[in-house]
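# Structural overview
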Amino acid sequence: MTRVIGLISGTSVDGIDAVLVNISGTELDLQIELLKGATYPYSEALSEQIMAVCQGAAISMAELARLDDAIAQVFAQAALNIQASYPSAQLIGSHGQNIYHRPAGEMEGQGGYTLQIGRGDLIARLTGIPTISNFRVADVAAGGQGAPLVPKVDAYLLSHLEKSRCVQNLGGIGNVAYLPARSNPHWLEEIRGWDTGPANTLIDLAVQHYSNGAQSYDEGGEWAASGTPCQNLVDEWLRQDFFHQAPPKSTGRELFGSQYLARCLLAAEAYRLSPADMLATLTELTVASIVHSYQTFLPQLPEQVLLCGGGSKNIYLKERLQARLQPTVVSTTDDVGLSADFKEAIAFAVLAYWRNLEIPGNLPQVTGAKQQVLLGHIHPVYF
Ligand SMILES: Nc1ncnc2c1ncn2[C@@H]1O[C@H](COP(=O)(O)OP(=O)(O)OP(=O)(O)O)[C@@H](O)[C@H]1O
Ligand SMILES: CC(=O)N[C@H]1[C@@H]2OC[C@@H](O2)[C@@H](O)[C@@H]1O[C@H](C)C(=O)O
């Protein structure tokens, strides 16, 4: 058994999700025990700076180095906090903070480009714990998207012997892992996964816009639930290329960020929507993009959908997904015993554990990589 810390800050840029887990086994016998999970919010200043850089603000190399150090420091502190009342962890898997992602295929002949900062060597130095970081670059080097990486972990923690499942993450961006029933002898090769598009990025930006910054997200989806979606707009927005592009595919705030929302707001002017109607419409875009991608790119609809990520707490979003997907049953990973809040952090603990054992972490049929590869750079502790 290995005690591992998993750290990630996602596209919502709200803070660091940290977990301390005991991991044993390797793949089919993989087992995790969640000892502790916590979210450590970024300071407002750090979060604003990261968000500005994600949205294309110019930054000097010296500022980038300072930002990289500052993020590594708060990640290291998160690691020290999460293990405070436990014996020291043996390994850290740190996803870091994504600040730029250019999916493979976007620039002819160049491959993808992906950058997560919060350097692992500084985390290792500050915590005294060997740290694995930069998980996405090896997959990109092998011709893949570098995302999503969680599906292989989902496969071993969340697949079911008899039932086919989709694990749908609703973070800033949404992603799916389709897991055939394990009784199917070809279940592993038939796993699929991709980024489904915006989950909460546009909803959050619209909430901040309409509340003049007083609210950052739509708690429980209550604001959207008080409005009515405009189906014409949803249909228009769904014509966007990304939703029709066949997997492998990945995306980020580079596409579904503030400029995208500005175009949505402009298109909505003709319909004179109230803020509640607009939020209902953006929530419906998330729902419709997920349902459309399942109907278009899966061999068959799954029997169950397990939600995770912050959007799994958006009751309105969950109800709309259930209404559009029935008879598929929509629940959360919590309902099958895996924390919906901390699944991504747990996944990066597992990916680090696999890297340490020299077990590849990517699924080529998901990311489009030419082969399975070891994910992550190892940063030892130098005494
Ligand atoms: N109680 C809630 N009600 C509605 N929405 C919520 C609630 N709690 C969190 N969220 C939404 O979930 C988002 C954060 O989700 P999460 O932490 O999974 O994203 P992330 O990990 O940053 O993103 P990604 O998975 O794209 O990297 C918030 O920005 C908010 O929109
Ligand atoms: C570049 C990057 O950080 N992408 C994230 C982001 O957040 C959700 C979606 O976009 C996802 O596919 C990916 O993360 C998850 C953890 C993954 O790789 O599985």
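Residue numbers here run from 1 along each chain, matching the order of that chain's written sequence. For naming, the first written chain is A and the first written ligand is 1, with later ones following in the order written. Given that the model is predicted, a residue must reach a pLDDT of at least 70 before its local features are reported, and side-chain atom pairs must reach 80 or more before they are shown or counted; all residues, however, enter totals for whole chains, interfaces and linings. To get the side-chain values, all heavy atoms of the structure are used, and hydrogens and water are removed first.

### Some points on the pattern of salt bridges
Test applied: What counts as a salt bridge is simple: a side-chain nitrogen of Lys or Arg found within 4 Å of a carboxyl oxygen of Asp or Glu. In this text, helices come from DSSP runs of H or I with a minimum length of four residues, and strands from runs of E with a minimum of two, each type numbered from the N-terminal end. Remark: exposure states derive from per-residue accessible area (1.4 Å probe, protein chains only) relative to the maximum for the residue type, with buried under 20%, exposed over 50%, and partly exposed in between.
In this structure the tally under the stated criterion is seven salt bridges. For Arg 324, the salt bridge is made with Glu 284, and the minimal N-O distance between the two is 4.0 Å. Here Arg 324, found in helix 12 (residues 315–325), pairs with Glu 284, found in helix 11 (residues 275–297); they are 40 residues apart in sequence, far enough to count as distant. A relative accessible area of 34% places Arg 324 in the partly exposed class. Here the salt bridges share partners, and the residues they tie into one network are Asp 69, Arg 119 and Asp 121.

### Points about the sheet that holds strand 7 (residues 165–170)
To summarise the sheet geometry, strands pair through backbone hydrogen bonds and adopt either a parallel or an antiparallel arrangement. Quick note on the threshold: Strand pairing is assigned whenever DSSP detects at least two bridges linking the two strands. Fitting a line to C-alpha atoms yields each axis, with helices limited to the stretch in contact; the angle taken between N-to-C directions then spans 0 to 180 degrees. Contacts are residue-level and defined by heavy atoms, with any inter-residue pair within 4.5 Å sufficient.
With respect to topology, five strands assemble into an open sheet ordered 9-8-7-10-11, the strand pairing being mixed. Two strands bound the open sheet, and with one partner strand each, they are strand 9 (192–198) and strand 11 (329–332). Going across the sheet, the axis of each strand differs from the next one's by a mean of 20°, ignoring polarity. Seen against the sheet, helix 5 (residues 151–158) touches strand 7, strand 8 (173–179) and strand 10 (304–308) and runs at an angle of roughly 50° to strand 8. With respect to the sheet, helix 11 is in contact with strand 7, strand 8, strand 9 and strand 10, its orientation differing from that of strand 9 by roughly 155°.

### A closer look at the packing of aromatic side chains
The following threshold applies: The criterion for an aromatic pair is that two Phe, Tyr or Trp rings (for Trp, the six-membered ring) have centres within 6.5 Å, with stacked assigned to planes under 30 degrees apart, edge-to-face to planes over 60 apart and tilted to the rest.
As enumerated under the stated definition, the model contains ten aromatic pairs in all. Consider the rings of Tyr 100 and Tyr 113, whose centres lie 6.1 Å apart with planes at 55°: the pair is tilted. Placement of Tyr 100 in strand 4 (residues 91–102) and of Tyr 113 in strand 5 (residues 113–117) is noted, with a sequence separation of 13 residues between them. For Tyr 100, a relative accessible area of 35% gives the class partly exposed. Ring geometry for Tyr 156 versus Trp 354: centroids 6.1 Å apart, planes at 85°, classification edge-to-face. Here Trp 354 lies in helix 13 (residues 343–356) and Tyr 156 lies in helix 5, a separation of 198 residues in the sequence.

### Observations regarding the UniProt feature "binding site: ATP" (unreviewed entry) in the protein
For clarity, the cut-off: UniProt positions are given in the numbering used here, feature names are shortened, and annotations may be inferred rather than shown by experiment.
Those places that UniProt annotates as "binding site: ATP" (unreviewed entry) correspond, in this numbering, to Gly 10, Thr 11, Ser 12, Val 13, Asp 14, Gly 15, Ile 16 and Asp 17. In this structure Ser 12 touches Met 51, Gly 171, Gly 172 and Arg 253, once residues within four positions along its chain are discounted. Inspection of the secondary structure assignment puts Asp 14 in the loop between strand 1 (2–9) and strand 2 (15–24). Here Asp 14 is in contact with Pro 41 and Tyr 42, once residues within four sequence places are set aside.

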